[in-house]
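Report on the structure
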Amino acid sequence: MTSVISGVKIPDSKLAREATELVRSYEDEMLFNHSVRVYVFGAMKGQRQKLKFDAELLYVAALFHDLGLVDHYHTQTKRFEVDGADAARDFLRARDIGEAQADLVWEAIALHTTPGIPQYMRPEIALTNAGVLVDVVGVGFDEYTPEQREQVISAFPRGDFKNEFLKVQTCSALKKPQTTFGTVNFDYIEDHDPSFRKPNACTRIRNTPWPS
């Protein structure tokens, strides 16, 4: 892989190489390239804001953040974000990485689609979320120069990212719709089938067994 992109070094430690090898063995090129772009965009923002962050942990979080979308890590009962977070924590624990660091990566992945919270948390969590937002929905697009964006895309091409990403997200959501309620993941189901309706929170409150 390209080792340095617009001043951001791709981690090349033993841990980083093993993480890269594992994720590459399960993700297709579209998801893998997206995952590395998330790291680079997140690290760029961290450098720009002069944040102190662990580049290796941010890299692992970015690599694993969508691993829950692939069949090998898919579960029926957990949000795909949690599936990926669990995989990352297991990976780190197996290599004797401290529990605090493993938990930090878990939180960064588990919260990467949650709006309004990650940006107030530790840098590795905030920057994972920021990298996802700019690469998927364009939030913060203009914070990066055209040259920076071009260097990232040249190193890790988008291809037909929009359509392919929507397809894989929708496929995951349709497999376990009960995990999408109250999350942005429900949007993939609703876009696929506008007649589908999620449980209404007000109805659920009124139908609890409590007398009042």
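As named in an unreviewed UniProt entry, the chain is HD domain-containing protein, taken from Bradyrhizobium arachidis.

What follows covers the overall build of the chain. Scanning the chain from N- to C-terminus turns up ten helices and two strands. Order of helices (α) and strands (β) in the chain, N terminus to C terminus: β-β-α-α-α-α-α-α-α-α-α-α. Expected size for 212 residues packed as a compact globule is a radius of gyration near 17 Å; at 18 Å, the chain falls within 12% of this value. The C-alpha extent of the chain, read off along each of the three principal axes, is 60 × 40 × 35 Å. Burial status across the chain gives 44% buried among its 212 residues. Taking the intrachain contacts of the chain between residues at least 6 apart in sequence as the baseline, contacts between residues at least 24 apart amount to 65%. If you sum the accessible surface of the chain, you get close to 11,200 Å²; carbon and sulfur atoms cover 53% of it. Computed over 25 positive and 30 negative side-chain charges, the separation of the two mean positions in the chain equals 4 Å.

This brings us to a negative patch on the surface. On the surface, Asp28, Glu29, Asp160 and Glu164 cluster together into a patch of negative charge. Structurally, Glu29 is set in helix H2 (residues 29-48).

A cluster of nonpolar residues, Ile117, Tyr120 and Met121, forms a patch on the protein surface that exposes about 340 Å² of accessible area. Inspection of the secondary structure assignment puts Met121 in the loop between helix H5 (99-110) and helix H6 (123-136).

All chains considered together, the criterion is met by 15 salt bridges. Residues Asp83 and Lys176 are paired through a salt bridge, measuring 2.7 Å at the closest nitrogen-oxygen approach. Of this pair, Asp83 sits in helix H4 (residues 80-93) while Lys176 is found in the loop between helix H8 (161-175) and helix H9 (186-192), placing the two residues 93 residues apart along the sequence. This pair shows no difference in class: Asp83 is buried, exactly as Lys176 is. Where Arg89 meets Asp86, a salt bridge forms, and the shortest distance between an N and an O atom there is 4.0 Å. Of this pair, Arg89 and Asp86 both sit in helix H4, separated by three residues, roughly a single helical turn. We note that Arg89, like Asp86, is buried. Salt bridges sharing common partners tie together Lys78, Asp86, Arg89 and Asp103.

About the cut-offs
Residue numbering note: each chain is counted from 1, following its sequence as written. With pLDDT at 70 or above as the cut-off, local features in this predicted model cover only qualifying residues; side-chain atom pairs require 80 or more to be listed or tallied, and sums for whole chains, interfaces and linings still use all residues. With hydrogens and water excluded, all non-hydrogen atoms of the structure serve as input to the side-chain values. Helix and strand definitions follow DSSP, with helices as H or I runs of at least four residues and strands as E runs of at least two, each counted in order from the N terminus. C-alpha atoms define the radius of gyration, and 2.2 Å times the number of residues to the power 0.38 defines the globule rule. Buried means the residue's accessible area, taken with a 1.4 Å probe over protein chains only, is under 20% of the maximum for its type, while exposed means over 50%, and partly exposed covers the values in between. The contact criterion used throughout is that any non-hydrogen atoms of two residues lie within 4.5 Å. Note on areas: Shrake-Rupley, 1.4 Å probe, and residue coverage restricted to the protein chains presented here. In this tally, Asp and Glu contribute negative charge and Lys and Arg positive charge; neither His nor the terminal groups of the chain are included. Lysine's charge is taken at NZ, arginine's at CZ, aspartate's at CG and glutamate's at CD. Patch definition: residues above 30% relative accessible area lacking any salt bridge, with like charges linked at up to 9 Å and the nonpolar side chains Val, Leu, Ile, Met, Phe, Trp and Tyr linked at up to 5 Å. Definition used for salt bridges: Asp or Glu carboxyl oxygen within 4 Å of a side-chain nitrogen of Lys or Arg.

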